[in-house]
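Spelled out, the chains give:
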Amino acid sequence: MSDKLGEDFAERLARVPLNLTATGVDEFGLDPRWARYTLTSLAFLHRNYFRTEVFGTEHIPQGRVLLVANHSGQIPMDGALIGACLFMDVEPPRFLRAMVEKWTQTLPFVSLFFSRVGQVVGVPENAKRLLERDEALLVFPEGARGISKSFDQRYKLVDFGLGFMRLALETGTPIVPVAVIGAEEQYVSLGNFDTLAKLLHMPVMPILPQLLLPFGALPLPTRYRIYFGEPMHFTGDPDDDDSALEEKVFAVKAMVQSMVNRGLEARKSVFF
Amino acid sequence: MAPAPPSSVPPSRLPGVLTPRPPAPPRGQGAIVVTGACGRLGKHVVRALHRERRVIAVDRRAFRDKPKDVSHEQVDIRRKKLKDIFRCEAIEAVVHLGVMHDPRASQAEHHSWNVAGFQKLLNYVAQFHVPKLIVLSSANVYGPQPDNAQFLSEETPLLGGARFSEIRDLIEVDILAQSFFWKHPETETVILRPVHILGTVHNAASNFMRLPTIPTLLGFDPMVQVIHESDVVRAIVRALTPEKRGIYNLSGPDPLPLSHIVKLLGKPSIPIPYSVGKAILKRLWALRLTNFPAPELDHIRYVCMVDDSRARTELGYLPHVSITDTVRSVNQESW
């Protein structure tokens, strides 16, 4: 299946900037051998299942970069496919680092898997350290509220957190806005069971009628379209008032929303 | 040692008599008091120092194969007798290694030894104007938590007791040393927080790695940091340099996943689901069949790693032992 990667995996891997320790993992636990299996299976989803169309990969700078994307689709497939883009479609190939919920660290296998494929716990110290090592970091400022949007709210961005902007200002990192089209339709959510989620200590518990169908647990094979926008540079005091930061954050949110809107207009069909 | 006849008591030991002590040698050459000197790490520290400095080993245990030029005071640090050591000669530095880490000892004994004993020691350091105090704390004071940053800085709150209340007195020792740092700026206080120390030392981490079959938690494989005892000794010697003060995390060579440690040791391991492992360990602990308390399972479940860049830049500390040698050192008897 490795031919899905476009060329020999090892060759691409050799061009990924990595800082490995003596035992062959990086300090956050990223293991290229695990990443290989993961990217190989992602390649199938990326090329055949979701048939992702990628636009604007030339906007991704070398060196540190903060990718800010809209979050959607009930499962974080959007993050996985942006990661696939960065490895398979961007030159030179990059390993995408993303921040995961703290809660996932308490789950067996999940925490192990996230760590080995380079995903880190979502605390500011980790993000800062990664950017200082010139990594590509993906953030979803909408958080869990974004991924669990119900179907009638699709493609309407909810409020952005401010943390990513403080981080960008502190580390002098350019922000690349990313719009993901196609994830909202992969699961049709009618709402959220808030009490049940609380009971199970889960962030959200969406109501997904399609789970009742045979193979309904699989996401629908919608066509993904991923747009990378031009890098946005911000300057200012990272410890500024929230109101000052909100303006900058709003500029990023408006950019992502307008990229989403343009992408939706250009799209002829959800599935093709 | 037989009690000395009253006539030979130095005048300074008599109450109410004030005589000047012999003048202190220049900084960098004075006597060093090492508490907990008869532990495995303590002996290494004493051996690293005694050729160049006068070393006074303080430990209530016996000091077998003690170097001849080291004087050993077999006292309990909670006893008044400790004061005599400070009264008799000018002490340049106190290296406090005598922290009790015995999960089987009673809570009261643990607390009185670690907290009350250390408090006494601190009083003497202040009273006799000892210019340097080094306290060996541990990175465990931060505690393994699911929401830990990958590398904890020295400013991270000490939450180690949140899930494992038995180590609260170790955190208290660290905090006592911190408040001493601020209250007594004339003493250069250094707090060292090393990660799991390996080598000939016996602690939870090294004993865990000495198990014939290493249990792991199914689906968890956290990144861990280990440090060789000789690197800890090196850091202590560095911290003795005049002018150095502050809190320093210490880590060894590169971090690695727990599974790589198991591989380096060449031992079999069995993965056990967390809930089962916890239940079994609780049972075994109650039956006194194991010396690992159940909350320590969090160390093989979540990360508790430190950022030691401050020690590297300010103390000039650098680990010398490679990761392979550090891990394998648990099976050796000496270095």
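Not measured: the values here are computed from a predicted model.

Parameters and conventions
- Residue positions are given per chain, counting from 1 as you read along its sequence in written order.
- Chain labels run from A onward and ligand labels from 1 onward, assigned in the order the entries are written.
- Note on the predicted model: pLDDT of at least 70 is required for a residue's local features to be given, and 80 or more for side-chain atom pairs to be given and counted; whole-chain, interface and lining totals, by contrast, use all residues.
- Paired strands, in this sense, are two strands between which DSSP finds at least two bridges.
- Put simply, DSSP H or I for four residues or longer makes a helix, DSSP E for two residues or longer makes a strand, and each gets a number counted from the N terminus.
- Contact between residues is assigned whenever the C-beta positions, reconstructed from backbone atoms, fall within 7 Å.
- To obtain each axis, a line is fitted to C-alpha atoms, and for helices this fit is confined to the stretch in contact; angles are then taken between N-to-C directions over 0 to 180 degrees.
- Three classes are used. A residue is buried when 20 or more other C-beta atoms lie within 10 Å of its own, exposed when 12 or fewer do, and partly exposed in between, with C-beta atoms placed from the backbone.
- Nonpolar core, as used here: buried Ala, Val, Leu, Ile, Met, Phe, Trp, Tyr and Cys residues forming one set through C-beta atoms within 7 Å.
- Each angle is binned into one of four classes, with values under 35 degrees roughly parallel, values over 145 roughly antiparallel, values of 65 to 115 roughly perpendicular, and all other values oblique.
- Should the near helix be turned counterclockwise from the far one by less than a right angle, the crossing is left-handed, whereas a clockwise turn marks it as right-handed.
- In this classification, the charged set is Asp, Glu, Lys and Arg, the nonpolar set is Ala, Val, Leu, Ile, Met, Phe, Trp, Tyr, Cys and Pro, and all remaining amino acids, among them Gly, are polar.
- Orienting the strands away from the viewer, one traces the path from the first strand over the helix to the second; a clockwise path indicates a right-handed crossover.

Undergrad: Tell me about the sheet that holds strand 6 (residues 175–181) of chain A, and name the residues and values.
TA: All names here are of chain A. Reading across from one edge, 1-7-6-2-5-3-4 is the order of the 7 strands in this open sheet, with mixed pairing throughout. Looking at strand neighbours, the two that pair on one side only are strand 1 (53–55) and strand 4 (120–121), the edges of this open sheet. Pairing between strand 2 (residues 65–69) and strand 5 (residues 136–139): 4 bridges, direction parallel. For V65, the partnering residue across the bridge sits in strand 5 and is A136. In this fold helix 9 (residues 242–266) packs onto strand 2, strand 6 and strand 7 (225–228), with an angle of close to 35 degrees to the strand it touches most, strand 6.

Undergrad: How would you summarise the environment of I272(B) if you had to cite specific residues and measurements?
TA: Residue and element names in this part refer to chain B. Structurally, I272 is set in strand 13 (residues 269–272). A count of 17 C-beta atoms within 10 Å places I272 in the partly exposed class. A C-alpha to C-alpha distance of 8.8 Å links I272 and G219, two positions 53 residues apart in sequence. What I272 contacts, discounting residues up to four positions off in sequence, is P215, L217, L218 and G277.

Undergrad: Explain unusual backbone geometry residue by residue, including any values.
TA: Glycine aside, residues mostly have negative phi angles, and peptide bonds mostly take the trans form. All names here are of chain A. Backbone torsion omega between E91 and P92 reads -5 degrees, so that peptide bond is classified as cis. Phi at R51 is positive, roughly 45 degrees, even though this residue is not glycine. Examined against the element boundaries, R51 turns out to sit in the loop between helix 2 (32–49) and strand 1. Residues other than glycine seldom take positive phi values, yet Y155 does so here, at roughly 60 degrees. Position of Y155 among the secondary structure elements: in the loop between helix 6 (144–147) and helix 7 (163–171).

Undergrad: Just give me the short version of the nonpolar core, but keep the residues and values in it.
TA: Inside soluble globular proteins, nonpolar side chains tend to come together where they are buried. Among the nonpolar cores identified, the biggest contains 148 residues, and L67(A), V178(A) and V34(B) are the most heavily contacted of them. It is helix 3 (residues 77–88) of chain A that contributes the most residues to this core, 9 residues altogether. Setting aside residues up to four positions removed in sequence, V178(A) forms contacts with L67(A), V68(A), A69(A), I82(A), I226(A), Y227(A) and F228(A).

Undergrad: Describe in detail helix 1 (residues 40–49) of chain B, supporting the description with residues and values.
TA: In an α-helix there are 3.6 residues to a turn, and that puts residues three or four apart on one side. Residue and element names in this part refer to chain B. Most of helix 1 sits inside the fold, with 7 of its 10 residues counted as buried. Turning to helix 1, its buried residues are L41, G42, K43, H44, V45, V46 and L49. Residues of helix 1 that are buried make contact with strand 1 (31–35), strand 2 (55–58), strand 4 (91–96), strand 7 (196–198) and helix 6 (229–239).

Undergrad: Kindly report on the packing of helix 3 (residues 107–127) of chain B against helix 4 (residues 168–183) of chain B, identifying the contributing residues and their values.
TA: Residues and elements named next belong to chain B. Contact pair helix 3 / helix 4: the axes reach a minimum separation of 9 Å and the direction vectors enclose 10 degrees. If you check the angle between helix 3 and helix 4, you find them roughly parallel. In the crossing of helix 3 with helix 4, the sense of the turn from one axis to the other is right-handed. Of the residues in helix 4, those touching helix 3 at H110, H111, N114, V115, F118, Q119 and L122 are D169, L170, E172, V173, L176 and F180. Partitioning the contact of helix 3 with helix 4 into residue classes produces 7 nonpolar, 4 polar and 2 charged.

Undergrad: Give me the sheet that holds strand 5 (residues 132–136) of chain B: which residues, what numbers.
TA: Hydrogen bonds along the backbone pair up the strands of a sheet, which may run parallel or antiparallel. All names here are of chain B. On the basis of which strands lie adjacent, the open sheet formed by 7 strands has the order 3-2-1-4-5-6-11 and parallel pairing. Pairing within the sheet leaves two strands with one partner each, and these edge strands are strand 3 (71–73) and strand 11 (246–250). Taking the axes of each pair of neighbouring strands and ignoring which way they run, one obtains an average angle of 20 degrees across the sheet. The pairing of strand 1 with strand 4 spans 5 bridges and is parallel. Across the sheet, the residue bridging to V33 is V94, located in strand 4. Relative to the sheet, helix 4 contacts strand 5 and strand 6 (188–194), its axis offset from that of strand 6 by approximately 150 degrees. Packing against the sheet, helix 6 makes contact with strand 4, strand 5, strand 6 and strand 11, and its axis sits at approximately 165 degrees to strand 6.

Undergrad: Which residues make up the packing of helix 5 (residues 124–132) of chain A against helix 7 of chain A, and what are the values?
TA: Relative orientation and spacing of two packed helices are given, respectively, by the angle between their axes and the distance between those axes. Residue and element names in this part refer to chain A. Here helix 5 crosses helix 7 at 40 degrees, and the two axes come no closer than 10 Å. The two elements helix 5 and helix 7 cross, and the hand of that crossing is right-handed. Residues P124, A127, K128, L131 and E132 of helix 5 form the contact with helix 7, whose participating residues are G163, L167, E170 and T171.

Undergrad: Explain the environment of K156(A) residue by residue, including any values.
TA: Residue position: K156(A) is located in the loop between helix 6 and helix 7. C-alpha separation for the pair K156(A) and Q257(A), spaced 101 residues apart in sequence, amounts to 7.6 Å.

Undergrad: How would you summarise the pairing of strand 5 of chain B if you had to cite specific residues and measurements?
TA: All names here are of chain B. Buried residues dominate strand 5, accounting for 5 of its 5 residues. Where burial is concerned, the two faces of strand 5 agree: the one with K132, I134 and L136 and the one with L133 and V135 are both buried. Relative to strand 5, strand 4 runs parallel, the two sharing 4 bridges. Across the sheet, V94 pairs through a bridge with L133, a residue of strand 5. Between the parallel pair strand 4 and strand 5, the chain is carried across by helix 3, and the sense of this crossover is right-handed. Pairing of strand 5 with strand 6 involves 5 bridges; the strand directions are parallel. The residue bridging L136 from the neighbouring strand is L192, located in strand 6. In the classification by handedness, the crossover that spans strand 5, the intervening helix 4 and the parallel strand 6 is right-handed.

Undergrad: Summarise the pairing of strand 2 of chain B; cite the residues concerned and give the values.
TA: All names here are of chain B. The two faces of strand 2 match: V55 and A57 on one face and I56 and V58 on the other face are all buried. Pairing analysis gives 4 bridges linking strand 1 to strand 2, with the strands arranged parallel. Looking across to strand 2, one finds that I32 is bridged to V55. Once you follow strand 1 into helix 1 and on to strand 2, the crossover reads as right-handed. Where strand 2 lies against strand 3, 3 bridges are found, and the strand directions are parallel. Directly across from A57, in strand 3, lies its bridge partner H72.

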